[in-house]
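Understanding the architecture of this molecule
Residue strings, one per chain:
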Amino acid sequence: MDIFAQQVINGLVLGSVYALVALGYTMVYGILGLINFAHGEVVMIGAMIALAVVSALLAVSPDMSPFTLILIASAAAILVCVFLAFLMERLAYRPLRNAPRLAPLITAIGISILLQNIAMIIWGRKYKMVPQIFPTETHEIFGASITSVQLFIVAISGVLMVGLLLVVHFTKLGRAMRATSESQRVAGLMGINVNKIISVTFMIGAALGAVAGILVAGNYSVAHYSMGFMLGLKAFTAAVLGGIGNLGGAVLGGLLLGLIESIGAGYIGNLTGGFLGSNYQDVFAFVVLIVVLVFRPTGIMGERVSERA
Amino acid sequence: MRLIAQQLLKKITSNKKALLLGYVLLFVALAVLPFLLSNTVGRTWVRILDFALIYAMLALGLNIVVGFAGLLDLGYIAFYAVGAYTWALLASPQFGLHLPFWAILPIGAGVAAIFGVLLGAPTLRLRGDYLAIVTLGFGEIIRIFLNNLDHPINVTNGPIGINKIDPISIGGVDLTRTHEWFGISFSGVHIYYYLLLALLIFTIVMCVRLENSRIGRAWLAIREDELAAQAMGINTRNIKLLAFALGATFGGVAGGLFASLQGFVSPESFGLLESIMVLCMVVLGGMGHVYGVLLGALLLSVLPEILRSTASPIQRAVFGDVYIDPEALRMLLFGLALIVVMLVRPTGLWPAPRRRTILDQDVDRD
């Protein structure tokens, strides 16, 4: 039972990060119908910037309080990522809004490759160690242990997710975003500045992504120029699992995927009589995805899309 | 300029003799090309050309799925992997099997086709991006299995991969040795070039014939509007499965040739980035247009190699030192090229003349 509880906690921690990143994918998809392949790279840039700022600050004043340190680093990372998202949308996606569908997908892939290699040139190929800012305390819940960093991750992601849902459902901006995703043309006729809303959507997604990047780097204590790729892929999978374009679906999908992965990794050996080991954890996630999509082709919470008449 | 070229092309194509002459010239040029390359820039370039031909075959296979039938496949490299591993297992010391070329070719193609149907069957109801993510997952699953099937029973040799794959030998001619025919010495890479060229020409002919066939028109109908296609009496299930199977077959054969040319396979060659690379060839060249895809494949497989070999010397000549790692620079420019080409020509470099928006059924939301 202890192992199970432990895997559930690990899954929740992993899942809340997936959910944060998945929100970025799903928001953009909901409005533009575009898979923003570069979103994983934005997450990576967020982690890298925060790490660079922390290292620089620590070098200048080693006895700075951890909270100011992380606050400054996060602010810097979020600013850079938001600016990056703004540039991306303005320069690479907006001109292609009416182009054939695969064209923006290819530019997104291009941006992803570009960002990854720029990061590699700036920060090098080596794994970068994240300095231990917070003291690690381990807490006991239901016979499983959780570190303070992990608690922090779950709490922060929870707050951000609830905050986003509140913004989308109860503010003027949120209403404009929902209207734009329903129909850009009609939203425009209602006096909504569609371009601005799309731009803002990208930026909010990027800000969430930057935070997710910092959390991941803090959790594993390493950062690497290629860390965004797999994370982005998993998060996108989570978004599709939940029903892409649906905010609640992204959160649900993220948490589910995290749980499936960690529980699957813990038990797959026993289930298959030792035939498959924990290195098949990714297979597990993708098989679940395929099975879910076979029975619910638009994801768990996705709306049934009527066929084009 | 473009007008003149078009008129010239029209004049040539309308004149049967000129057309024939054009084909003969092209044929001679293609036949002489490897010797030209190996005598000027070195034999490595013939090898690069060999790989470019394999990529072209792969891209044409993906074009059937994405370009003709409009099914976005992000895990296409899985079939390439299946073909390569089938070949590797049947002709290497791994299991001690050494089947001849003519036996492995249909087996490899068949196994890949079966995998194509395996992927296609559960995804028939999915469309657009849901299909994309499932195919992506399928590709990853195949790669993870290849990476881990070294225990409890050693099938794929895990991350190390399979070594010492037999070279192709046709009619007693071993394709790795140098042969003397008509007083000209043909080295291994040259013979591979001719074999691959022949297979590629066969693939091109197949694709062009398919496109204009009953099946090709059915694919086009599904691509443009699946519901309407169904209403017209097209069995969309079978036709879609056929697209997956045929695309996979070409991928599988290309994979087998890759395995035998390279002599070894490892899961590393079949990552998601490779799938994306092939998709880029298709889209950049002009989705759904056989010659456009061919152009895209050749450009994207040869240009990066040229960059790889010239990046360092040029930097040294201009700045006096190598500032940016050539590998990073190559990918940097590749990413930039993708963005710029799509911004300037969203339909690809050489789109099909009769081309309507593909796969944009959900974009027009208003």
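Treat the numbers as computed from the prediction; the structure is a model and nothing was measured.

1. Comments concerning the overall build of chain B
Along the backbone of chain B there are 13 helices and six strands. For 366 residues, the compact-globule formula gives about 21 Å, and the C-alpha radius of gyration of chain B, at 21 Å, lands near that figure. Residue pairs in contact within chain B that sit at least 24 positions apart in sequence constitute 72% of those at least 6 positions apart. Accessible surface for chain B amounts to roughly 17000 Å². Of this, 67% is attributable to carbon and sulfur atoms. Once the 26 positive and 22 negative side-chain charges of chain B are each reduced to a mean point, those two points are 11 Å apart.

2. Structural notes on the interface of chain A and chain B
Between chain A and chain B, the contact holds 58 residues from the first and 54 residues from the second. A buried area of about 5100 Å², summed over both sides, lies between chain A and chain B, and 72% of it is on carbon and sulfur atoms. Counting across the chain A and chain B interface gives zero salt bridges. Inspection of the region where chain A meets chain B yields one residue pair in polar contact (both at pLDDT 80 or more). Listing elements by their share of the side of chain A that touches chain B, those giving two or more residues are α1 (2–32), α3 (66–93), α4 (102–123), α6 (172–182), α7 (184–189), α9 (227–242) and α11 (281–295) of chain A.

3. A closer look at the confidence of the model for chain B
The predicted model of chain B has a mean per-residue pLDDT of 84, with 92% of residues at 70 or higher. A low-confidence stretch, residues 356–366 of chain B stays under pLDDT 50, and its non-local contacts, those more than four residues away or across chains, total 26 contacts.

4. Looking at the packing of helix α11 (residues 272–285) of chain B against helix α13 (residues 326–344) of chain B
All names here are of chain B. α13 packs onto α11 with a crossing angle of 35 degrees between their chain directions and a minimal axis gap of 11 Å. Both α11 and α13 take part in a crossing whose hand is left-handed. Listed contacts from α13 to Leu273, Met277, Cys280, Val283 and Leu284 of α11 are Met331, Phe334, Leu338, Val341 and Met342. Split by residue class, the contact of α11 with α13 holds 10 nonpolar, no polar and no charged.

5. Let's talk about unusual backbone geometry
Positive phi outside glycine occurs at Ser221(A), with the angle close to 60 degrees. With respect to the secondary-structure elements, Ser221(A) resides in the loop between α8 (194–220) and β4 (222–223).

6. Description of the state of the cysteines
All names here are of chain B. For the structure on display, the rule yields zero disulfides over all chains. Free cysteine Cys207: the closest other cysteine sulfur is in Cys280, separated by 19 Å. Residue class for Cys207 comes out buried when judged on its relative accessible area of 0%.

7. Regarding the pairing of strand β3 (residues 144–147) of chain A
All names here are of chain A. Where burial is concerned, the two faces of β3 differ: the one with Ala144 and Ile146 is buried and the one with Ser145 and Thr147 is not. As judged from the four bridges shared by strand β2 (residues 138–141) and β3, these two strands associate in the antiparallel manner. Residue Thr138 lies in a different strand from β3, and its bridge partner there is Thr147. A loop of two residues connects β2 with β3, the two strands running antiparallel in sequence, and Phe142 in this loop sits at a positive phi of about 50 degrees.

Reading the values: rules and limits
- Residues numbered from 1 in each chain as written.
- Chains lettered and ligands numbered in written order.
- Predicted model: local features only at pLDDT ≥ 70, side-chain atom pairs only at ≥ 80, totals over all residues.
- Heavy atoms only, no water.
- Helix = DSSP H or I, 4+ residues; strand = E, 2+ residues; numbered from the N terminus.
- Rg over C-alpha atoms; globule rule 2.2 N^0.38 Å.
- Contact = heavy atoms within 4.5 Å.
- Areas by Shrake-Rupley, 256 points an atom, 1.4 Å probe, with all protein chains shown as cover.
- Lys, Arg positive; Asp, Glu negative; His and termini not counted.
- Charge placed at Lys NZ, Arg CZ, Asp CG, Glu CD.
- Buried area = accessible area lost by both parts, 1.4 Å probe.
- Salt bridge = Lys/Arg side-chain N within 4 Å of Asp/Glu carboxyl O.
- Polar contact = N/O pair within 3.5 Å; in protein donor to acceptor, adjacent residues only side chain to side chain.
- pLDDT = per-residue confidence, 0-100.
- Axes fitted to C-alpha atoms, helices over the stretch in contact; angles between N-to-C directions.
- Left-handed = near helix turned anticlockwise from the far one by under 90°.
- Nonpolar A, V, L, I, M, F, W, Y, C, P; charged D, E, K, R; others polar.
- Disulfide = S-S within 2.5 Å.
- Buried < 20%, exposed > 50% of the residue type's maximum accessible area, 1.4 Å probe, protein only.
- Pairing = 2+ DSSP bridges.

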